[in-house]
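Summary of the model geometry
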Amino acid sequence: MKLLPLLLLITSWTSCFFVHAGSLELSDGQNAYDLKQFGLFFHDYDKQITSLSQLQDLPQLLKPYSIQKPHIKPYWKWSKIELINNTDITNWYVSFGFARLPILEMYWLDESQNIILLNEQSSFSKRPLHYPQMYVPINILPNERKTLFIKYQTFANAPAKIQIHPPEHFNNTVQLSLLNNAVIAGVVIAILLIVLVNLYFNRNLTNVYYAIWSFMFLLIVIDMAGFTYQYLWPELGEFATTFSIMLMVLVPIFHLLFVRSFLQLKHHHPQLDNIYLGCLTIYIVLVPLALYLQSVFYNLLASSLIIVIFIYTCYWCWQQRAPGIKIFSASLLNHVLFVNVLTILGASFGNIFAAFDISTYIKIGYLIEVCLFTVAMAVQHKSVQRQLVYHLQNQVDALNQSVLNEQRNSQQKSEQVKKQEQRLFTDLSHELRTPLTVMKIQVESLQHNIVENVHESYSKLHDKIDELNDFINTLMLVSDSRDLHFGLNIRSTAIGPFINEVNHSCLQKLNLQKQRLTLNCQLSGIETINIDKNAIAKVVEEVVINAAKFGGANVEVILSFIDKDEHLIVRIEDSGNPLTYEAHQLLFEPLFRQEPSRSSLLGGKGMGLAVCKKIIQAHQGEITSHNSLLGGVCIEFTLPKSFAYEPV
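Report on the accompanying structure. Residue numbers run consecutively from 1 along every chain, following the written order of its sequence. In keeping with the model being predicted, local features are shown solely for residues with a pLDDT of at least 70 and side-chain atom pairs are shown and tallied solely at 80 or more, while totals for entire chains, interfaces and linings include all residues. In computing side-chain properties, one takes all heavy atoms of the structure into account and sets aside hydrogens as well as water.

Here we look at a nonpolar patch on the surface
A surface patch of nonpolar side chains, amounting to about 390 Å² of accessible area, comprises Ile72, Leu289, Tyr292 and Tyr298. Helix numbers and strand numbers start at the N terminus; a helix is a DSSP run of H or I with at least 4 residues, a strand a run of E with at least 2. Structurally, the position occupied by Leu289 is in helix α9 (residues 270-293). Judged by relative accessible area, which is 32%, Leu289 ranks as partly exposed. Without a salt bridge and with relative accessible area above 30%, a residue can belong to a patch; like charges are then joined within 9 Å and nonpolar side chains (Val, Leu, Ile, Met, Phe, Trp, Tyr) within 5 Å. Only the protein chains shown count as cover for residues, and all accessible areas are computed by the Shrake-Rupley method using a 1.4 Å probe. The working definition used for a salt bridge is a side-chain nitrogen of Lys or Arg within 4 Å of a carboxyl oxygen of Asp or Glu. Categorising residues by exposure relies on relative accessible area from a 1.4 Å probe, with only protein chains included: less than 20% of the type maximum marks a residue as buried, more than 50% marks it as exposed, and the intermediate range marks it as partly exposed.

Focus on the side chain of His43
For His43, the location among the structural elements is in strand β3 (residues 40-44). The contact definition used throughout considers only heavy atoms, calling two residues in contact when any of these lie within 4.5 Å. Dropping the residues within four chain positions of it, His43 is found in contact with Tyr65, Ser66, Gln68, Tyr75, Trp76 and Lys77.

With respect to empty space enclosed by the protein
Of the two site types, the cavity is a set of points on a 1 Å grid over the protein atoms alone where a 1.4 Å probe fits but cannot get out, and the pocket is an open set with protein on both sides within 12 Å along at least five of seven lines, each lined by residues with an atom within 4 Å of a point. Grid points are joined across faces, edges and corners, and a volume is the space filled by probe spheres set on the points. Taken as a whole and assessed by the stated rule, the structure comprises three cavities of 30 Å³ or more. Put simply, the largest cavity is a space of about 690 Å³. Lining the largest cavity we find 39 residues, and of these Phe155, Met224, Ser244, Met248 and Ile362 sit closest to its centre. Listed by contribution, the elements that provide at least two residues to the lining of the largest cavity are α5 (205-225), α6 (227-232), α7 (237-263), α10 (297-305), α12 (325-348) and α13 (358-447).

Let's talk about the pairing of strand β15 (residues 556-564)
Across the nine residues of β15, seven count as buried, placing the element largely inside the fold. Between any two strands, pairing holds if DSSP finds at least two bridges. Here strand β13 (residues 516-522) runs beside β15; their pairing, made up of seven bridges, is parallel. Note on β15: the bridge partner recorded for Cys521 is Phe561. The pairing of β15 with strand β16 (residues 567-574) spans eight bridges and is classified as antiparallel. In the sheet register, Val557 faces β16, and the bridge partner there is Asp574. In sequence, β15 turns back onto β16 through a hairpin of two residues, with Asp565 there showing a positive phi of about 55°.

Regarding the sheet that holds β15
If you walk across this open sheet you meet the five strands as β13-β15-β16-β18-β17, and the pairing is mixed. In this open sheet, the two strands that pair with only one neighbour each are β13 and β17 (622-627). In this sheet, adjacent strand axes meet at a mean angle of 15° when their direction is disregarded. Pairing geometry for β16 and strand β18 (residues 633-640), over seven bridges, is antiparallel. Opposite Ile572, over in β18, you have Ile635 as the bridge partner. Axis angles are defined between N-to-C directions and span 0 to 180 degrees, where every axis is a line fitted to C-alpha atoms and, for a helix, only to the segment in contact.

Observations concerning the nonpolar core
Put simply, buried Ala, Val, Leu, Ile, Met, Phe, Trp, Tyr and Cys residues joined by side-chain atoms within 4.5 Å make one nonpolar core. Leu263 and Phe328 are the most contacted members of the largest nonpolar core, which totals 69 residues. For this core, the element with the highest residue contribution is α7, accounting for 14 residues. With 42 residues, the next largest nonpolar core counts Ala535, Val540, Leu559 and Val633 among its residues.

A look at the packing of aromatic side chains
Working definition: rings of Phe, Tyr and Trp (its six-membered ring) pair if their centres are within 6.5 Å, and the pair is stacked with planes under 30 degrees apart, edge-to-face with planes over 60 apart, and tilted otherwise. This model, assessed by the stated rule, comprises 22 aromatic pairs. Among the aromatic side chains, those forming a connected cluster through ring pairs are Tyr210, Trp213, Phe217, Phe258, Phe262 and Phe328. Here, over-ring charges are defined by two tests on the NZ atom of lysine or the CZ atom of arginine: distance to the ring centre within 6 Å, and angle to the ring normal within 35 degrees. When the ring centre of Trp108 is taken as origin, the NZ or CZ atom of Lys146, which lies over that ring, is 3.9 Å away. Sitting above the plane of the Trp318 ring, Lys326 keeps its charged end 5.5 Å from the centroid.

Digging into the environment of Thr242
Residue position: Thr242 is located in helix α7. Expressed as a C-alpha distance, the spacing of Thr242 and Leu291, which sit 49 residues apart in the sequence, is 7.2 Å. In this structure, Thr242 is in contact with Leu291 and Gln294, ignoring residues within four places of it in sequence.

Some points on the packing of helix α15 (residues 495-507) against helix α16 (residues 533-550)
At their nearest, the axes of α15 and α16 sit 10 Å apart, and the two run at 35° to each other. In this structure, the crossing between α15 and α16 has a hand that is right-handed. For the pair α15 and α16, the contacting residues are Phe498, Glu501, Val502, Ser505 and Cys506 in the first and Lys533, Ile536, Ala537, Val540, Glu541 and Val544 in the second. Broken down by class, the residue content of the contact of α15 with α16 amounts to seven nonpolar, one polar and three charged. With the far helix as reference, a near helix turned anticlockwise by less than a right angle produces a left-handed crossing, and one turned clockwise produces a right-handed crossing. For this classification, Asp, Glu, Lys and Arg are treated as charged, while Ala, Val, Leu, Ile, Met, Phe, Trp, Tyr, Cys and Pro are nonpolar and the rest, including Gly, are polar.

Points about α15
Multiplying 1.5 Å by the residue count of a helix minus one yields the expected span of that helix. Look at α15: 18 Å from first C-alpha to last across 13 residues, which is about the 18 Å you get at 1.5 Å a residue. Of the residues making up α15, those classed as buried are Ile495, Phe498, Ile499, Val502, Asn503, Ser505 and Cys506. With its buried residues spanning 165° around the axis, α15 presents them on a single face. Buried residues along α15 sit against β12 (491-494), β13, β14 (528-531), α16, β15 and β16. Within this analysis, the arc is defined by the directions that extend from the helix axis to the C-beta atoms.

Topic: the pairing of strand β8 (residues 114-118)
In the sheet, strand β7 (residues 103-108) pairs with β8 via four bridges, with the strands oriented antiparallel. Residue pairing in the sheet places Tyr107 in a bridge with Asn114 of β8. Count of turn residues in the β7/β8 antiparallel hairpin: five residues.

A few points about the pattern of salt bridges
Considering all chains together, one arrives at six salt bridges under this definition. Two residues, Arg260 and Asp273, come together in a salt bridge whose shortest N-O distance is 2.4 Å. Remark: Asp273 occurs in helix α9 and Arg260 occurs in helix α7; sequence separation between them is 13 residues. With a relative accessible area of 21%, Arg260 lands in the partly exposed category. Judged by its relative accessible area of 4%, Asp273 falls in the buried class.

This is how it looks when you write it as structure tokens:
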């Protein structure tokens, strides 16, 4: 029972509509009349009705307005309206909601002359009124009844918003339209300048795509406002259509490129990125097709199907925590609502909304979108700047810490150098004092004639002088920073005989009754090596002698020759006493001896291993030491097989 009043109301309104269908009474106090509510229409999808006389012969084709079907190619639309002027106004104006119509013909039924006749080649000057938007004046006397026929074709087959205005409302509409379009264009230009400034200081691919997309949006605004046709190419009507097609097919491409680049889908969502690449491929393929067919049907179809992808992108963006991402998501959702749903799916392609001002929704939708995009970009850049400052601060702190650590290390090294210099000075003083003391005693004995054999005393003095001279020469050798390469007699040496000679020489340095030397050879394919065999033999003998001297009476020594890659490894290890870590660090330094008292009972001045290190370095090799698995010390040095030498 509650539905009965509503059904009666709907029935009453429907019957009223059909009673007045095809006729319109113009009365005072009305701002504008929408012809879709009063007129009769025929959508000529096949372009069969080419003249008014043909339409008059088939009056059954004209019916009340119904939602038009999507069509691949542009088609004609016919409209008929009977006007009854119940006012004193004679000048009325017809608007279409577009800046330009490819086809526009208007006729009075009882008059032989047409009101207006425009086609795709018509220039701007042929318009009866020179305004950016399309307005056509019509005259009807008071109390006169006249039938108006309109033949028109819209861009992308979008539904036209045909209205009849009285003079006062027409003037207000024209001024408001100019003001709105100028304001929107000004705002977009301001945003574009901000985008270009941002691009100048932040040259990256995302900002490039955004700048191009913003510029194309500006072109869309001024093209829909009619400024391009009025001021840029007023004599090129056909080009104006091609230009509009180019804008519609290129804008989605740069929009997808910008969205994909801003969200970094390649790194954060590879599957969605592949979908976007597929959509881009489709849009790019459709560009030449749209220009060939002079229709954006398939482009609009693709934009309708992409709604699901945009909605999922908005959902995915909303779950992210990146700066500005939620604002970006809102902007993309605004694009879906105004452009994809209302404009493309609702009006231009699907034609769900019959009375629809497409240009207004497109301009408002794009304006909101570009504003939100700009805010999202600003928030993102602000966050990036903060992150950059944070990372720079961390880098500065890390650099300061590194400087402090380097200062500490330098100070520690300086202290170590001072300690080492002090140790060297002390050891050198001790080593020099001992022979000098002996020499002084001999000289004093000779002065006081208390020696029994003068020649023996002179012989001792001579021996000490030679010993001191050899010590100084050795000290100069190990302290000289110059390479010993040119002081060596480097030759190609057979490795087998050389090892036998070194082994035999080392056996003579040991007490074979208690001490033992074992030879270990692991050679595979190596026959010769470039060395100074006397110098290398001296190195091996020096290490073996130290092992026998400091390893104890029953020491066991293993002498190994190992072939590894491009080097020959010589390893001498003993079963004596191990050394401390500090001793290993100073083992090859001049004048180093493990026992601090520097007792002369074991002999030596701590120069042997320093000379060995110098010889190995002259062969471009390396010598190291560590504690041996046998229990004592292991000294190991490497010699390059292909050491370059110049025969002497």
